[in-house]
Amino acid sequence: MTSAASLPLPGRLNTLVIGGRMDADRALLTPRGELVRGCAQDLAERLARLPAGTARVDVDMSGVYFMDTAGLEFLEVLRDHGRRWSVPVTATRWNGQPRRILELAGLDTTDPLRSPAPEDAPPRAVSAVALEREERLHLLQEEVEQLRQAIASRPVIDQARGILMATYGCTSDEAWHILREASQLSNTKLRAVAEALTASAEAEGAPPPEEVRAALSRALARRSAR
């Protein structure tokens, strides 16, 4: 029993596929891909198609490699399903970046659905939990945004590494260290250094700014010395 996720929302790639199988009256779901906007709807539709009489739902999260704050909505859909049908629901085997997001959100990384609900705590404790979760959510959003920027920067950085490798005969790792060192020496963001280098390699491209040129020269000189 394997099912693709629902059709993507406008402007969103279909980045999540939810497979699964039945073992007697137990459903094992296996999401693959990214937990981003629309993933909660994909899951709700998948749960709605489970056979009548399903007595347990276990979700294996090992195939999910990226998650933003929409992943918390994904978890809430699982919680709601368990409450509505009075069945045990688990979400286990978190790895990598999604596991880090759970840590920032203050959730149990072995199974976030086992975390105690704040309504079970005294009123003052509820307020403290709410404030802590709000702060953790802010940190979570910042980390996700930083990761998005890193992913967006990857192509131009890879191009710059290729230019250094072709021009100076260095390895990929050496090119990475040269770019990073030039970034530090010139107090310039790594992406900006990479953009300046790739732009200078184009036909009639302008040379990098003086501080970037000087930093690249120093980084290359240090490589030669080593």
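Bear in mind that the values here come from a model prediction, so they are computed numbers and not experimental data.

Cut-offs and rules
- Residues numbered from 1 in each chain as written.
- Predicted model: local features only at pLDDT ≥ 70, side-chain atom pairs only at ≥ 80, totals over all residues.
- Heavy atoms only, no water.
- Core = buried A, V, L, I, M, F, W, Y, C linked by side-chain atoms within 4.5 Å.
- Buried < 20%, exposed > 50% of the residue type's maximum accessible area, 1.4 Å probe, protein only.
- Helix = DSSP H or I, 4+ residues; strand = E, 2+ residues; numbered from the N terminus.
- Contact = heavy atoms within 4.5 Å.
- Axes fitted to C-alpha atoms, helices over the stretch in contact; angles between N-to-C directions.
- Parallel < 35°, antiparallel > 145°, perpendicular 65-115°, else oblique.
- Left-handed = near helix turned anticlockwise from the far one by under 90°.
- Nonpolar A, V, L, I, M, F, W, Y, C, P; charged D, E, K, R; others polar.
- pLDDT = per-residue confidence, 0-100.
- Salt bridge = Lys/Arg side-chain N within 4 Å of Asp/Glu carboxyl O.
- Expected span 1.5 Å × (residues − 1).

Chemist: I'm lost on the nonpolar core in this one. Help?
Modeler: Most often, soluble globular proteins keep nonpolar side chains buried together rather than apart. In this structure, Leu 35 and Leu 78 are the most contacted members of the largest nonpolar core, which totals 31 residues. Listing elements by their share of this core, those giving two or more residues are strand S1 (16-23), strand S2 (26-35), helix H1 (39-48), strand S3 (56-60), strand S4 (64-67), helix H2 (70-85), strand S5 (89-92) and helix H3 (96-104). The element that contributes the greatest number of residues to this core is H2, accounting for five residues. Ignoring anything within four residues of it in the chain, the contact list for Leu 78 reads Leu 43, Leu 47, Val 59, Val 89, Ala 91 and Leu 113.

Chemist: I'm lost on the packing of H1 against H2 in this one. Help?
Modeler: Axes are the key here: two packed helices are described by the angle between their axes and the distance separating the axes. Look at H1 against H2: their axes get within 8 Å of each other, and the N-to-C directions meet at 25 degrees. As summarised for this structure, H1 and H2 are arranged roughly parallel, according to the angle between their axes. Of the two possible hands of crossing, H1 and H2 adopt the one that is right-handed. Touching Cys 39, Ala 40, Leu 43, Ala 44 and Leu 47 of H1 are Ala 70, Glu 73, Phe 74, Val 77, Leu 78 and His 81, all from H2. For the contact of H1 with H2, the per-class residue count stands at nine nonpolar, one polar and one charged.

Chemist: Would you mind showing me how to read the confidence of the model for the chain here?
Modeler: For any part of a model where pLDDT is low, the fine detail of the predicted coordinates should not be relied upon. Scored by pLDDT, the chain has a mean of 81; 78% of the residues are at 70 or more. pLDDT under 50 marks residues 117-121. Its contacts with residues more than four places away, or in other chains, come to four contacts.

Chemist: Where do I start with the pattern of salt bridges in this structure?
Modeler: Where side chains of opposite charge bring their charged atoms close, a pairing between them can arise. If you walk through the whole model with that rule in mind, you get 14 salt bridges. A salt bridge links Asp 80 to Arg 83; the shortest N-O distance between them is 3.1 Å. Here Asp 80 and its partner Arg 83 are both found in helix H2, three residues apart, which amounts to about one turn of the helix. Two residues, Arg 222 and Glu 181, come together in a salt bridge whose shortest N-O distance is 2.6 Å. Taken together, the positions of Arg 222 in helix H7 (residues 210-225) and Glu 181 in helix H5 (residues 172-186) put the pair 41 residues apart, joining distant regions of the chain. Judged by relative accessible area, which is 36%, Arg 222 ranks as partly exposed. Overlapping salt bridges bring together Asp 23, Arg 26, Arg 56 and Asp 58 as one network.

Chemist: Mind showing me how you'd approach the environment of Thr 90 here?
Modeler: Note on placement: Thr 90 falls in strand S5. Sequence separation between Thr 90 and Leu 113 is 23 residues; the distance between their C-alpha atoms is 6.2 Å.

Chemist: Looking at this structure, I do not really get the packing of H5 against helix H6 (residues 190-201). What am I missing?
Modeler: Close contact between H5 and H6 brings their axes to 9 Å; oriented N to C, the two are set at 110 degrees. What the angle tells us is that H5 and H6 run roughly perpendicular. Crossing of H5 over H6 shows right-handed handedness. Of the residues in H6, those in contact with Trp 176, Leu 179, Arg 180, Ala 182, Ser 183 and Ser 186 of H5 are Leu 190, Val 193 and Leu 197. Broken down by class, the residue content of the contact of H5 with H6 amounts to six nonpolar, two polar and one charged.

Chemist: Whenever I open this one, H6 confuses me. Can you help?
Modeler: Along an α-helix, residues three or four apart share an orientation, since each turn contains 3.6 residues. Here H6 spans 17 Å end to end across 12 residues, near enough to the 16 Å set by a 1.5 Å rise per residue. Of all the residues in H6, the buried ones are Leu 190, Val 193, Ala 194, Ala 196, Leu 197 and Thr 198.

Chemist: Help me out: how do you make sense of unusual backbone geometry in this one?
Modeler: Unlike most non-glycine residues, Ser 86 shows phi in positive territory, near 55 degrees. With respect to the helices and strands, Ser 86 occurs in the loop between H2 and S5. Note on Ser 86: relative accessible area 65%, which makes it exposed. Even without glycine at this site, Arg 93 takes up a positive phi of about 65 degrees. Positionally, Arg 93 belongs in the loop between S5 and H3.

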